[in-house]
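Reading the structure
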Amino acid sequence: MTREVHHYIGGDTVSGTSNRFGDVYNPAEGAVQARVALATRDEVTKAIDVAAAAQPKWAATNPQRRARILGKFVELIRENMDELAALLSSEHGKVLADAKGDIERGLDVLEFAMGAPHLLKGEYSDSVGTGIDTYSMRQPLGVVAGITPFNFPAMIPLWKLGPAIAAGNAFILKPSERCPSVPFRLAELASEAGLPDGIFNVVNGDRTAVDALMEDPRVRAYGFVGSTPIAQSIFSRAAELGKRAQCFGGAKNHCIIMPDADLDQVADALVGAAYGSAGERCMALSVALPVGKETADVLVEKLTERIANLKVGAYDDPNADYGPLVGRDALDRVRRYIGEGVDAGAELVVDGRDLVVPGHEAGFFIGPSLFDNVTADMSIYTDEIFGPVLCIVRVSDYEEALKLVNDHEYGNGVAIMTNNGGAARDFAARVQVGMVGINVPIPVPIGYYTFGGWKASGFGDLNQHGPDAFRFYTKTKTVTERWPSEPSTGAKFIMPLGDQS
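Quick notes on the rules
- Residues numbered from 1 in each chain as written.
- Predicted model: local features only at pLDDT ≥ 70, side-chain atom pairs only at ≥ 80, totals over all residues.
- Heavy atoms only, no water.
- 1 Å grid on protein atoms, 1.4 Å probe; cavity = no way out; pocket = protein on both sides within 12 Å on 5 of 7 lines; lining within 4 Å.
- Points joined across faces, edges and corners; volume = space filled by probe spheres on them.
- Helix = DSSP H or I, 4+ residues; strand = E, 2+ residues; numbered from the N terminus.
- Nonpolar A, V, L, I, M, F, W, Y, C, P; charged D, E, K, R; others polar.
- Domains from an automatic or database assignment.
- UniProt positions renumbered as here; feature names shortened; annotations may be inferred.

Attention shifts here to the layout of surface pockets. Of the voids in this model, the largest pocket is the one considered here, and its volume is about 1100 Å³. For the largest pocket, the lining is made up of 37 residues, of which Phe224, Val225, Gly226, Ser227 and Ile230 are closest to its centre. Within the residue set of the lining of the largest pocket, elements represented by two or more residues are helix H8 (207-215), strand S11 (219-225), helix H9 (228-240) and helix H12 (328-344). Classifying every residue of the lining of the largest pocket gives 15 nonpolar, 10 polar and 12 charged. Shared between two domains, the lining of the largest pocket takes at least three residues from each, and those domains are domain 1 (3-249 + 457-479) and domain 2 (253-438).

Shown next, in the form of structure tokens:
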């Protein structure tokens, strides 16, 4: 009998009642391994009911006690790392080492969120006027929700829920129906760590579940990661409803390679950044901009050599560099883009479309592909392919490369490879992208800095993790107080002045 994944509401498994299910594939086998229940509106409402009832007591809990529960949660995740990684890999396809990295980056943010007692502190000013003091406090929003993608089934849910619950909110997660098992297991471990029932709930579903979360007035904020059109739609809808949203969309991450860079180091960096996790990362590096013909010629040669030695295999193959794409639709899309690149006149130096992994012939595998002489009008340059495809766009100088980056509609991540400090400093100052790497090909900030893209890659004023997360999941209340010690001198009819005298 096919395994089924249901919902986690109020500290327990809740069986779906919709009789609607989504198929959960093993991408290495190309076969269905489980079914996930798709929630009804009533089931989503039940989760919101439970969260709203539990949140006030949780908000009143000492932040240090909340942090201790997060600490126990971190311990349990580490103790169950192998199980979680195997679950994650079997549904997403990424190799086990990469799956563990997915979980570890989520734990970075949980550990940062354990600093809630400090991060939630307000400000205090005494004697702003005669006998008058002013202070501020940060208070939770109430019930908040996360809508997360398939490509990081552990990391992004943890990025959302860690700061949210540490700040005193109740959290409802709507994970990708492609990879539901790890989010469900995380909810079980959170309960085991001592998180009160109803503070972390998981509802699996499709647009029906998302609409129910959006339209309920008790859900005050949304964190979303996915495609740009949906990110923009959710952000706009939240604004119409007077709610907060941080929504992250697509990406097309560039890397400028200056002539002075060590091209062996660059080639190693680009191969890992472009082809790791089969390119299914919003921070995957998909465009290389070598400056000058000699730089480009040498780089293409070195990349071709390294690509020939990459091994693609099932997630449990310890020698595999990366695994399959998540689904048949993803495989078809990547193959289509490669065909469009060829038709547009780009030079396909390495063609990965016909890769077959022995013993896994039905899996959703595709080999690494490398294009040279790509131009800015080609779809393989303008669009996010979300697969193991690297495009070489040759440029004559640094200014041409910088203009390409700044003119692109996406602004998620970018890198420069150089030994010139002046060029690096100028690049960091002028590039119009949210996350910048200098000799770092995938510039994902550590958990105590903020993560977020610009332009069509991100919508909202506050980003994921770091101090921004606590600002997003709380509202500020400012109190001005006076304890009269003198008799009243009569009514005053002017606006209080800065010194409140």
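The next subject is empty space enclosed by the protein. Scanning the entire structure with this criterion turns up two cavities of 30 Å³ or more. In this structure, the largest cavity occupies an estimated 110 Å³ of space. Considering the residues around the largest cavity, the lining is formed by 15 residues, among which Gly279, Ala284, Ser286, Glu384 and Phe386 are closest to the centre. In terms of residue class, the lining of the largest cavity is built from eight nonpolar, four polar and three charged. As a volume, the second largest cavity reaches approximately 30 Å³. Lining the second largest cavity, in full, are Lys252, Asn253, His254, Val405, Tyr410, Gly411, Asn412, Gly413, Val414 and Val433. Sorting the residues of the lining of the second largest cavity by element identifies strand S13 (253-257), strand S18 (410-411) and strand S19 (413-417) as the ones contributing at least two each. Tallied by class, residues from the lining of the second largest cavity come to four nonpolar, five polar and one charged.

The next thing to look at is the UniProt feature "domain: Aldehyde dehydrogenase" (unreviewed entry) in the chain. Mapped onto this structure's residue numbering, the UniProt feature "domain: Aldehyde dehydrogenase" (unreviewed entry) falls at residues 17-479. Taken end to end, residues 17-479 has its terminal C-alpha atoms 47 Å apart, with 41% of it in helix and 21% in strand.

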